[in-house]
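Coordinates in review
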Amino acid sequence: MTLRLILIRHAKSTWDDPMQEDHDRPLNDRGRRAAPAIGAWLAENGYVPAEVVSSTARRTLETWECMQGAFVDDGALVRREPDLYHAAPDTMLRVLRHCAASPVLMLGHNPGIGALASHLVSERPSHSRFGAYPTCATLVVDFDAEDWADVTPGTGTVVDFIVPNDLDTK
């Protein structure tokens, strides 16, 4: 059996209000353009999530809100996971192992999400921005596993990787 993970860093957020708590920062205009563009790209390529697990930060939830309109039949289970807020890769993998469906779309933050992406794949994509994992970077990776609990680092096969700059989001 093949399990598919769509690993997305939240879209670009604003720093306009220095008094605002980090957890509560919304997307900026660039992020509000990039997220639906990535959502459309996912849908066009058949990368449709059955389960969405997201950090509880406003910017991750807003990223999903901007993306979900791209999916015609959005029946995905959406779970808000507090442990994903600025999570380390091992915490993110623990959360993934409790998922039930496939594909899973996981929304999180750097540096954890970029590190997790690097740890999960057997071979990194050749894309020049993979190491930086910029905002709204999206990795699609497959695992030869029966259950998310069986997924281990270094066993994922990259299906696709994209960043908003690869699309016309200006």
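Up top you'll find the structure we're talking about.
Residues numbered from 1 in each chain as written. Predicted model: local features only at pLDDT ≥ 70, side-chain atom pairs only at ≥ 80, totals over all residues. Heavy atoms only, no water.

**Examining the packing of helix α1 (residues 29-44) against helix α2 (residues 58-67)**
- Contact geometry of α1 with α2 gives a least axis separation of 7 Å together with a crossing angle of 55°. As summarised for this structure, α1 and α2 are arranged oblique, according to the angle between their axes. For the element pair α1 and α2, the recorded crossing hand is right-handed. Residues R32, A35, P36, I38 and G39 of α1 lie in contact with α2, whose contacting residues are E62, T63, C66 and M67.
- Here the residues of the contact of α1 with α2 sort into five nonpolar, two polar and two charged. (Axes fitted to C-alpha atoms, helices over the stretch in contact; angles between N-to-C directions. Helix = DSSP H or I, 4+ residues; strand = E, 2+ residues; numbered from the N terminus. Parallel < 35°, antiparallel > 145°, perpendicular 65-115°, else oblique. Left-handed = near helix turned anticlockwise from the far one by under 90°. Contact = heavy atoms within 4.5 Å. Nonpolar A, V, L, I, M, F, W, Y, C, P; charged D, E, K, R; others polar.)

**With respect to the sheet that holds strand β4 (residues 104-108)**
- Spatial strand order, β3-β2-β4-β1-β5-β6: six strands in an open sheet with mixed pairing. Strand pairing shows two members of the sheet lacking a second neighbour, β3 (77-80) and β6 (157-162), which therefore form its edges. Taking the axes of each pair of neighbouring strands and ignoring which way they run, one obtains an average angle of 15° across the sheet.
- The pairing of strand β1 (residues 2-9) with strand β5 (residues 138-144) spans seven bridges and is antiparallel. In the sheet register, L5 faces β5, and the bridge partner there is V141.
- Sitting on the sheet, α1 touches β1, β4, β5 and β6, and the angle it makes with β5 is about 35°.
- This element, α2, spans β1, β2 (51-54), β3 and β4 of the sheet and lies at about 135° to β4. (Pairing = 2+ DSSP bridges.)

**With respect to α2**
- The element α2 is largely enclosed, with a buried count of seven among its ten residues.
- If you check which residues of α2 are buried, you get R59, T60, L61, E62, T63, W64 and M67.
- Where α2 is buried, its residues touch β1, α1, β2, β3 and β4. (Buried < 20%, exposed > 50% of the residue type's maximum accessible area, 1.4 Å probe, protein only.)

**Focus on a negative patch on the surface**
- A contiguous patch of negative charge on the surface is contributed by D144, E146, D147 and D150.
- The topology assignment puts D150 in the loop between β5 and β6.
- Judged by its relative accessible area of 46%, D150 falls in the partly exposed class. (Patch = residues over 30% accessible without salt bridge, like charges linked within 9 Å, V, L, I, M, F, W, Y side chains within 5 Å. Areas by Shrake-Rupley, 256 points an atom, 1.4 Å probe, with all protein chains shown as cover. Salt bridge = Lys/Arg side-chain N within 4 Å of Asp/Glu carboxyl O. Lys, Arg positive; Asp, Glu negative; His and termini not counted. Charge placed at Lys NZ, Arg CZ, Asp CG, Glu CD.)

**A short note on the pairing of β4**
- A large share of β4 lies buried, amounting to five of its five residues.
- Bridge count between β1 and β4: five bridges; the pairing is parallel. Bridging from a neighbouring strand, I8 pairs with L107 of β4.

So, to be careful, I would describe these as geometric facts and stop short of saying anything about function.
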